Amino acid sequence: MIATTGLVDFHCHLDLYPDHAWAVQSADVAGVFTLAVTTTPRAWSRNHELAQGTRHVRAALGLHPQLVAEREREIDLWECYLPETRYVGEVGLDGSPGFFESLNAQKRVFRRVLENCAQAGGKILTVHSLRSVKAVLDLIEAHLPPERGGIVLHWFTGTKNEARRALDLGCYFSINAAMLNSDKHTALLQGIPLHRILTETDGPFTRTGDRPSQPADVKLVTALLGRFYGLCMADIASHVRDNLRVLLG
Ligand code: MN
């Protein structure tokens, strides 16, 4: 059994497992620094309450772009809770076929998220950018200066040029196992320096073996990254912890 203590899962939906409290406890017992993202601000209070009793789990306040078509007005609630948290997500844009129609509403919401974070200062955001990388980066560039907040692009699937632009804007990238199984994405990784890398599972939306991934499964991502960068797993884990420390200032 490979130790999981000190690994980082910077994007996991702990409240979407059958037993939320158990999922939080398991992440904590595994010693995995886990960012529990949420998809609606209505989920914030319970996530925050469960995470507060742990050493390794923190909750993030989100409004998922795929829910904006039905829930745009919840941005008011999101704004009310913002002072309670340092972490924001899942937020961003989704330009894929099922969600393209709400793209203008998504942009309004994401812009408000960025403006509020810029005003507050010190927030860390985990950002969804499926089929919308250019628009996501345009909005970040216009509304959240790097010295006012940190951006982590989750499950990034843009081009090499878009990755370079994101790096110039100070963004980090959280990498999951599915990204490392695709040649297209491993090619992309070659342009991303190790000091901008974090790890994630995006559980339960990814699978490890025959079940939904859990935070402890981030050890697989860590091992695959080790192979990619030619380092041992412990060295990758230590780099990722350092990166997280720098990001958190
Ligand atoms: Mn997600």
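In the block above lies the structure referred to throughout.
Scoring rules and cut-offs
- Residues numbered from 1 in each chain as written.
- Predicted model: local features only at pLDDT ≥ 70, side-chain atom pairs only at ≥ 80, totals over all residues.
- Heavy atoms only, no water.
- Helix = DSSP H or I, 4+ residues; strand = E, 2+ residues; numbered from the N terminus.
- Rg over C-alpha atoms; globule rule 2.2 N^0.38 Å.
- Buried < 20%, exposed > 50% of the residue type's maximum accessible area, 1.4 Å probe, protein only.
- Contact = heavy atoms within 4.5 Å.
- Areas by Shrake-Rupley, 256 points an atom, 1.4 Å probe, with all protein chains shown as cover.
- Lys, Arg positive; Asp, Glu negative; His and termini not counted.
- Charge placed at Lys NZ, Arg CZ, Asp CG, Glu CD.
- Phe/Tyr/Trp six-rings, centres within 6.5 Å; stacked < 30°, edge-to-face > 60°.
- Lys NZ or Arg CZ within 6 Å of the ring centre and 35° of its normal.

Chemist: Account for the overall build of the protein, naming residues and giving values.
Modeler: From N to C terminus, the protein includes eleven helices and ten strands. Expected size for 249 residues packed as a compact globule is a radius of gyration near 18 Å; at 17 Å, the protein falls within 12% of this value. Taken across its 249 residues, the protein has 56% of its residues classed as buried. A sequence separation of at least 24 residues applies to 72% of the contacts in the protein between residues at least 6 apart. Accessible area for the protein stands at about 11200 Å²; split by element, carbon and sulfur atoms hold 52% of it. Between the centroid of the 26 positive side chains of the protein and the centroid of its 27 negative side chains there is a distance of 3 Å.

Chemist: Summarise the packing of aromatic side chains; cite the residues concerned and give the values.
Modeler: A complete count under the given rule lists three aromatic pairs for this structure. Ring centres of Phe10 and Tyr87 lie 6.4 Å apart, and the angle between their planes is 75°; this geometry places the pair in the edge-to-face category. Here Tyr87 lies in strand E4 (residues 87-92) and Phe10 lies in strand E1 (residues 8-12), a separation of 77 residues in the sequence. Between Phe228 and Tyr229 the ring centres are 5.0 Å apart and the planes differ by 90°, which places this aromatic pair in the edge-to-face class. Taking NZ or CZ as reference, Arg196 lies 5.8 Å from the ring centre of Tyr172, over its face.

Chemist: So what's going on with unusual backbone geometry? Residues and values would help.
Modeler: Cis geometry is found at the peptide bond from Gly89 to Glu90, where omega equals 15°. Checked against the element boundaries, Glu90 lands in strand E4. With an omega of 0°, the peptide bond running from Gly203 to Pro204 counts as cis. Turning to its location among the elements, Pro204 is positioned in the loop between strand E8 (197-199) and strand E9 (207-208). Notably, Trp155 is not glycine yet its phi reads approximately 45°, a positive angle. In this structure, Trp155 sits in the loop between strand E6 (149-154) and helix H7 (160-168).

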